[in-house]
Amino acid sequence: MKMTIKNVTTIAILYGLITAGANLIGVLMPNIFHNDDFTNPAITEWIQFLSEFKVIDNSQYISFLLPVLLCIAYLAFAGKKFESHFINLPIAFSTIGISGWIFYFLEELLIILYSLNKGYNLNVSFIIKSSLLNVLIESLVTFTFSFFIIDTIHKRYVLPTFFSEGHLYQFSGTKRPSIMFLFIINYISVTLFPVIILLSLLYSLSIHYNFTINSLTYNLLGIPLIFGIIITMALFNYFSIPLKKIKDRIIKIKEGDYQSKIKFVSNDSFGELCDTMDEMTEAINEQTQKIIEIQNSIITGMATMVESRDNSTGGHIKRTSDCVRIFSDHLKTVDEYKDISDSFFNAVIKAAPMHDLGKIAVDDSILRKPGKFTDEEYEKMKAHSAEGARIVENVLSSVDDIEFKNIAINVAHYHHEKWNGQGYPEKICNTEIPLEARIMALADVFDALVSKRCYKESFTYDRAFQIISEDLGTHFDPQLGSEFLKCRPALEKLYNEY
């Protein structure tokens, strides 16, 4: 349902009437204990004094008008934040509702100062205490009554009507009443408010019967207040701890972590909810792993199909992938690369088999040619890098892992670029070449050097590492290449096992 001026006005009027009703209850509440039998002479004198100053006394109606004007202004001047202001109506109207009582108390203080200036002899201390107690009661009644009623209507009927899809926090400025806030309101309603009412009654009785409220009475009244705080905090922890664990778990699931557990042990409803969520994420993780396995199988299958058309002796995909894995494990131990996330290196390893997918678009006559390419054939061969990036992007279009997708595209596109800018297809240089492509370039060239092809014999390890060393700063990233050379023992062991 679309928000219109008419229906928003109707809702605002309804909430305003509820707030006004709460204010009316707040007015009546202190009067229960201020009948003629309990009225103190000082209060009687104060009431008579107010009646003599009609202008000042009549201005007290502003205390009832002020919340109305502020509530209207809250919506009327919301501007671009109208949706968030509309969502915030319960807390906003309830808070604005007590502004009248604050104004009323400040007004009484000004009247007292005026009376003292005119020489009236009033029991100022008693009047201020009595007025402050009344305002506190009225404010608590106004806020708690209006908030619970408006918030119930708002959440149950209004918000589902206008925001059926949810996602209310997308609107900037939306207030989020916490569990602690709700328990504080509950504490005020159930514990603090009754104690204040009782204190008000005792205060009126002490004035009427001329007795002093001793410290024991205050201590006895303090017991339910303290006990209420203990109960409130216990209930808060009972609700907040599992809810926080569930929220943290949901955030991890959103980030792609399906393996960690909530670890909340309880035999109540929260324990059942947490166990159910753990079981759900286990099922999701199993399905996700199956999807990943299928995806990897498809990728590997495509790469193997491309390799079967090439003039290599086979195994290039596996060897380069293992080479990238060894090199990545080494880089994790190097200070200059320690800040790089594990997810980056895992993505590079996973993307390695896809680096030559573009060769699927190269004619067999070129791809399987045993001799040297002509210039025209070489240009067609070089096109496999850009074509590979396009294919990878299409294949991974539905993959949610953006980091892996970008890395795979970069590996396919730029693994033939050179540090000096003389590579292809874009002729970029130095650190313009993505790190993942520079890693892939070293592994790709190393495997080509030490592997036998139909147009060449395999080079010795000494010769292969010598060529790479000589090309540092021209073909390869000099710093990265130096680290690659340190992997020689692990690489030789790997290739000797093939």
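Described below are features of the structure shown in this document. Worth saying up front: this structure is predicted, and the values here are computed from it rather than measured.

Here we look at the pattern of salt bridges
Within this structure, the stated rule accounts for 16 salt bridges. A salt bridge links Arg325 to Asp322; the nearest nitrogen and oxygen atoms lie 3.7 Å apart. Of this pair, Arg325 and Asp322 are both found in helix α12 (residues 316-331), three residues apart, which corresponds to roughly one turn of the helix. For Arg325, a relative accessible area of 33% gives the class partly exposed. When its relative accessible area of 13% is taken as the criterion, Asp322 is described as buried. For Glu492, the salt bridge identified is with Arg488, shortest N-O distance 2.4 Å. Note that Glu492 and Arg488 are positioned in helix α21 (residues 488-497) at a spacing of four residues, about one turn of the helix. Overall, the relative accessible area of 27% leaves Arg488 in the partly exposed class.

Regarding helix α20 (residues 478-485)
Buried within α20 are the following residues: Leu480, Gly481, Glu483 and Phe484. Each buried residue of α20 lies within a common arc of 160° when the element is viewed along its axis, so the set occupies one face. Buried residues along α20 sit against α12, α18 (435-450), α19 (461-470) and α21. The N-cap of α20, judged by a side-chain oxygen 3.1 Å from the amide nitrogen of Gln479 a few residues on, is Asp477.

Quick look at a nonpolar patch on the surface
On the surface, Phe227, Ile231, Leu235, Tyr238, Phe239 and Leu243 cluster together into a nonpolar patch covering about 520 Å² of accessible area. Look at Phe227 and you get exposed, because its relative accessible area is 51%.

Concerning the nonpolar core
With 49 residues, the main nonpolar core has Ile439, Phe446 and Phe484 as its most contacted residues. Per element, the largest residue contribution to this core is eight residues, and it comes from α18.

Here we look at the environment of Ala386
Residue position: Ala386 is located in helix α16 (residues 384-395). When its relative accessible area of 35% is taken as the criterion, Ala386 is described as partly exposed. C-alpha of Ala386 to C-alpha of Gly358: the two residues are 28 residues apart in sequence and 7.2 Å apart in space. Filtering out sequence-adjacent residues up to four positions away, Ala386 remains in contact with His413 and Pro425.

Calculation notes
- Within every chain, residues take consecutive numbers counted from 1 along the sequence as written.
- Residues qualify for local features only when their pLDDT is at least 70, as the model is predicted, and side-chain atom pairs are given and counted only at 80 or more; totals for whole chains, interfaces and linings, by contrast, use all residues.
- Where side-chain values are given, they derive from all heavy atoms of the structure, hydrogens and water being excluded.
- Salt bridges are defined by distance alone: a side-chain nitrogen of Lys or Arg within 4 Å of a carboxyl oxygen of Asp or Glu.
- In DSSP terms, a helix is any run of H or I states spanning at least four residues, a strand is any run of E spanning at least two, and both are numbered starting from the N terminus.
- A 1.4 Å probe rolled over the protein chains alone gives each residue an accessible area, and that area as a share of the maximum for its type sets the label: buried under 20%, exposed over 50%, partly exposed in between.
- Note that the arc is computed from the directions linking the helix axis to the C-beta atoms.
- Note on definitions: a residue-residue contact is assigned when non-hydrogen atoms from the two residues lie within 4.5 Å.
- Any pair of N or O atoms that falls within 3.5 Å is considered a polar contact. Within protein, one atom must be able to donate a hydrogen and the other to accept it, and sequence-neighbouring residues count only if both atoms are side-chain atoms.
- Candidate patch residues must exceed 30% relative accessible area and have no salt bridge, after which like charges are joined if within 9 Å and Val, Leu, Ile, Met, Phe, Trp or Tyr side chains if within 5 Å.
- Here the accessible surface of atoms and residues is derived via Shrake-Rupley with a 1.4 Å probe, and residues count as covered only by protein chains that are part of the display.
- To define a nonpolar core, start from buried Ala, Val, Leu, Ile, Met, Phe, Trp, Tyr and Cys residues and group those joined through side-chain atoms within 4.5 Å.

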